[in-house]
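One letter stands for each residue in the lines below.
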Amino acid sequence: MSVPFLDLAAGLEELGGEVDAAFARVRDSGRYILGPEVEAFEREFAKYCGARHCVGVANGFDAIQLLLRAAGVGSGDEVLVPAYTAVATWMAVSAVGAVPVGVDVDARTWTLDPGRLEEAIGARTKAILPVHLFGLPADMGAIAQVAARHRLLVFEDAAQAHGAHYQGRTVGSLGRAAAFSFYPTKNLGALGDGGAVVTDDEEIADNVRLLHTYGWRARSDSEIKGLNSRLDELQAALLRVKLARLDDWNERRRRIANRYREALGDASEIALPFVPEWAEPVWHLFVISAEDPQAVRSRLERRGIGTLVHYDPLPHLTPAYRADGWSEGMFRVAEDLASRALSLPMHPQLSAEACGEVVAALLAS
Ligand SMILES: *Cc1c(COP(=O)(O)O)cnc(C)c1O
C-alpha cells in the first residue's frame, strides 16, 4: 500500500456535491470579486477565531505584509521572527521594507524562544511576529510579557494553525493582528491561493481593507497607495464549506497524531513532537526528529511512503538572506532541529490503515 504525503483530492471528494453547489452559486451570481461570499466568509472566520474583524486577501504572504503595513511597520523598522519557519514569514517582513531579525527557537516546542527575545531587541525593533509552527501555538503569554516591557507590537503568523488553541484561546485572537494562509495544503485550504488578516483592532482592519484594493474607500478614490490583494468569491465559497468542517478535520488530525505518538513512543531512532500543557495544536504537520532523517526517508520511500523535510534550508540560510549577512551557526537550536526534521504523512483523510503502514515502516529498522 502506498501512502502519499498528502491527498488533497480526497478531501474535496469527501465534500462532494457541496463544493459543486458552492461553485455553481458563484458562477450563476455574476459576482466574482468582493461580493457576498467573501463578506460571509469574513464574518464566519472572524467569529471562528474569536476576533472582531477579518479581511480576505490573496494569500498568506500578503496577509503578513498587509497587516504590517496597516500597523505602520515599514522602512527602518526591525521585526523579530523565529529562525524556524517558512521563508514567507521573513520575506513578508522584507517586502514592507522592514528588516526581519531572526530569533532562535525553543528546543522542545520548535517555536520562538521567548528567552532569546531580549538579546535581539534594539532601538529599531518595532514588532514580534511569532509563528504557530506545524500547528502548535507559540508561547504567546511569555512573548507578550517581553513585548509589553519594550513596547513592541505582537502579531501572529497563523498560516499553519487554523483552530489551534493557546491556554484555551483560539489562534488569531492572541496578538494585535494575525495572518492566515489558505494555501491548498493548510488546515483550511482553498482550491488555489487565499489568505486573511484577523484582528480586533478597528484601525488595522480598516487599513488592510484600504490597502488591499488600491487604497479605495469609494471606488477609484484612492485614499492611500495600496495594492491589489483580494480573496475571490470562488475561493471564499469553497472556504465556507470547508470552515464548517475545520473542527472535525482538525480532530481527525489529532487522532492520527495520537496514533503516531502512541505507536512510536518507544522507537529508539526517533523523537516525537512535544506538546506543552498550554497548547492544543492542530497538527498541520507531524514532524519527527531523527539522527539520520535521510536514511529514514529512503526507507519509507522504498515502502511507498511519502515524507517531506520542513525546512531545508531555513530562511536565514537561503541565498536571499545569506546576502544580508546571515550564516550557519547563528541559530544553533533551529539549525540542529532542522538537520534532524522529517515530516510524516498527515491529513484528515489519512486512513488508520495508512497510518499503520507508516508506523510499521518506522519500527522495522
Ligand atoms: C504557508 C505559509 C505562509 C505563506 O502563505 P502563502 O499563502 O503560501 O503565501 C506564511 N507563513 C507560514 C508559516 C506558512 O506556512
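Check the entry above for the structure.
A brief report on the enclosed structure follows. (Residues numbered from 1 in each chain as written. Predicted model: local features only at pLDDT ≥ 70, side-chain atom pairs only at ≥ 80, totals over all residues. Heavy atoms only, no water.)

**A word on the nonpolar core**
Here is step 1 of the chain: Counting residues in each nonpolar core, the largest one holds 90 residues, and the members touching the most others are F41, F45, Y84, F155, F180 and F182.
Here is step 2 of the chain: Core analysis: the next-biggest nonpolar cluster, separate from the first, contains 24 residues, I256, A267, A290 and V296 among them. (Core = buried A, V, L, I, M, F, W, Y, C linked by side-chain atoms within 4.5 Å. Buried < 20%, exposed > 50% of the residue type's maximum accessible area, 1.4 Å probe, protein only.)

**Observations concerning the packing of helix α4 (residues 60-70) against helix α5 (residues 87-95)**
A packed helix pair is summarised by two numbers, namely the angle formed by the two axes and the spacing between the axes.
Here is step 1 of the chain: The contact between α4 and α5 brings their axes to 9 Å, and the two run at 40 degrees. The angle between α4 and α5 places the two elements in the oblique class. α5 is crossed by α4, and the crossing has right-handed handedness. Of the residues in α5, those touching α4 at F61, I64, Q65 and L68 are A88, T89, M91, A92, V93 and A95.
Here is step 2 of the chain: Residue classes in the contact of α4 with α5 are distributed as eight nonpolar, two polar and no charged. (Axes fitted to C-alpha atoms, helices over the stretch in contact; angles between N-to-C directions. Helix = DSSP H or I, 4+ residues; strand = E, 2+ residues; numbered from the N terminus. Parallel < 35°, antiparallel > 145°, perpendicular 65-115°, else oblique. Left-handed = near helix turned anticlockwise from the far one by under 90°. Contact = heavy atoms within 4.5 Å. Nonpolar A, V, L, I, M, F, W, Y, C, P; charged D, E, K, R; others polar.)

**Notes on the side chain of E335**
Here is step 1 of the chain: In this fold, E335 is placed in helix α12 (residues 332-340).
Here is step 2 of the chain: A distance of 2.8 Å separates the side chain of E335 from the backbone nitrogen of G329, its partner in a polar contact.
Here is step 3 of the chain: The residues contacting E335, other than those within four sequence positions of it, are L314, H316, L317, S327, E328, G329 and M330. (Polar contact = N/O pair within 3.5 Å; in protein donor to acceptor, adjacent residues only side chain to side chain.)

**Observations concerning the pairing of strand β3 (residues 99-103)**
Here is step 1 of the chain: Among the five residues of β3, four are classified as buried, and the element is accordingly described as predominantly covered.
Here is step 2 of the chain: Alignment of strand β2 (residues 78-82) against β3, held across five bridges, turns out to be parallel. Paired with V79 across the bridge in β3 is P100.
Here is step 3 of the chain: Crossover handedness for the path β2 to α5 to β3: right-handed. (Pairing = 2+ DSSP bridges. Right-handed = clockwise from strand over helix to strand, strands pointing away.)

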